[in-house]
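Structure assessment
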Amino acid sequence: MQTTWKGTISFGLVSIPVHLYSATQEHDVPLHQVHAKDGGRVRMKRYCEREEKEVPYAEIARGYESPDGRTVTLTDEDLADLPLPSKKIIDVLAFVDAGEIDPLMFSKAYYVGVADKAAAKPYALLRDALTESGQIAVTKIALRTRESPAVLRVHDGTLVLQTCIWPDEVRPVAGIAPEEDVTVRPQELKMARSLMDTLSEDFDLAQLHDDYQQALQQVITARLEGVELPHEEEAGEAPDNVIDLMEALRSSLKQAKGGRATAAGSGPEEDGPAPRGRAPATKRAASAGAASEPAPEAAAPAAKKATGAKRTTTGKATTGKSTAPRKAS
């Protein structure tokens, strides 16, 4: 694993020489720009406006333009020699409960490894102290051309440094949530919690996968082989309102439990009283994004609309039989 940064964790008078390694990697399908007319590769060239010619990468430097139009050129040496204490030191400023840092502030994660054998003991000391206290360490670090606040925490017995954005870089939330007063009844809250518990049974985050990249790869393969492109069946119209929230919650809960029971080889479990009104109940369940079992006397158009509102992860419409909402796979 390639080293991203070398420096020292300063923990009071204790120093821990460490290396940082990128903890995450993305698996995007590599795409590049081409000319739509003939498929020719489009490349970006570094062009000097003053000399009106292309320049090699070795001659590229960073620059800053002042409000009065003057340009200051900054070399790699200038940036490397910045008078910045956090350039090679991760200075532990405080220890706080993990809940005090809003996850909205988290950015990129790095594994923290020891630089030599002498760092093993203080490394283990800091790791075990964080584990026992349940806290995280607040620090600052300079990576590349930016200084960032960061936290040190423990993941699978290894220290992890997670960079953060500055508090003033978090945009205010005013005007985003509904401003009018909304009353949620205790029965609705109880039903919502039951639905949450049911959907969370046996959920495994590690089983999630990227459907977009898989679909993109299918399209690319079809193009390469000259066959018909795969198509997603047209989705039903998204609901623009919820007519009966309790009815939608009850139908969603029944569908979730029924889908899990069906997957286990048994019939759907009953939960609570049957929905009031057969065809209208099916329509309301579809408006909430969940297709319930239509009643025997329900009109065929209503049942068709209800089943069209729910799709499996492969993009095929479900049948009239209820299926579980999309799970991790």
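For the structure given in this document, a descriptive report is provided here. Since we're looking at a predicted model, the values are computed, not measured.

Bringing the nonpolar core into the picture now. Side chains of nonpolar character tend, in soluble globular proteins, to be buried together. Counting residues in hydrophobic clusters, the biggest one holds 20 residues, and the most contacted among them are Ile 9, Leu 20, Ile 90, Val 112, Ile 141, Leu 152 and Leu 161. Broken down by secondary-structure element, the contributors of at least two residues to this core are β1 (3-11), β2 (14-22), β9 (106-114), α2 (120-133), β10 (135-143), β11 (146-155) and β12 (158-164).

Attention shifts here to helix α4 (residues 211-225). Every α-helix carries 3.6 residues per turn, so stepping three or four residues along brings you back to the same face. Between the first and last C-alpha of α4 there are 21 Å, a value that for 15 residues agrees with the 21 Å anticipated at 1.5 Å per step. Turning to α4, its buried residues are Gln 213, Leu 216 and Ala 222. The N-terminus of α4 is capped by Asp 210, whose side-chain oxygen sits 3.0 Å from the backbone nitrogen of Tyr 212. Within two residues after α4, Gly 226 carries a phi angle of roughly 70°, on the positive side.

For the rest of this paragraph, the subject is the pairing of β2. As paired elements, β1 and β2 share eight bridges and run antiparallel to each other. Residue Thr 8 lies in a different strand from β2, and its bridge partner there is Pro 17. Here β1 hands over to β2 after two residues, with Gly 12 in that stretch at a positive phi of 65°. Two elements, β2 and β9, share five bridges in a ladder whose sense is antiparallel. In the sheet register, Leu 20 faces β9, and the bridge partner there is Val 112.

Attention now moves to the sheet that holds strand β7 (residues 89-91). Strands sit in the order β7-β1-β2-β9-β12-β11-β10-β8 across an open sheet of eight strands; the sheet is mixed. The sheet is open, and its two borders are formed by β7 and β8 (94-97), each paired with just one other strand. Averaged over all pairs of adjacent strands, the angle between their axes in this sheet comes to 40°, without regard to strand direction.

A separate point is the environment of Thr 24. Along the chain, the position of Thr 24 falls in the loop between β2 and β3 (47-48). Setting aside chain neighbours within four positions, we find Thr 24 in contact with Lys 108 and Ala 109.

Moving on, we come to helix α3 (residues 186-200). An ideal rise of 1.5 Å per residue puts 21 Å on 15 residues; α3 measures up with 21 Å between its terminal C-alpha atoms. Turning to α3, its buried residues are Glu 188, Met 191, Leu 195 and Thr 198. Projected onto a plane normal to the axis of α3, the buried residues spread over an arc of 90° and lie on a single side. Among the exposed residues of α3, those pointing more than 90 degrees away from its buried face are Pro 186, Leu 189 and Lys 190. A positive backbone phi angle near 60° is found at Asp 202, which sits one or two residues after α3.

Conventions adopted
- Residues numbered from 1 in each chain as written.
- Predicted model: local features only at pLDDT ≥ 70, side-chain atom pairs only at ≥ 80, totals over all residues.
- Heavy atoms only, no water.
- Core = buried A, V, L, I, M, F, W, Y, C linked by side-chain atoms within 4.5 Å.
- Buried < 20%, exposed > 50% of the residue type's maximum accessible area, 1.4 Å probe, protein only.
- Helix = DSSP H or I, 4+ residues; strand = E, 2+ residues; numbered from the N terminus.
- Expected span 1.5 Å × (residues − 1).
- Polar contact = N/O pair within 3.5 Å; in protein donor to acceptor, adjacent residues only side chain to side chain.
- Pairing = 2+ DSSP bridges.
- Axes fitted to C-alpha atoms, helices over the stretch in contact; angles between N-to-C directions.
- Contact = heavy atoms within 4.5 Å.
- Arc of directions from axis to C-beta.

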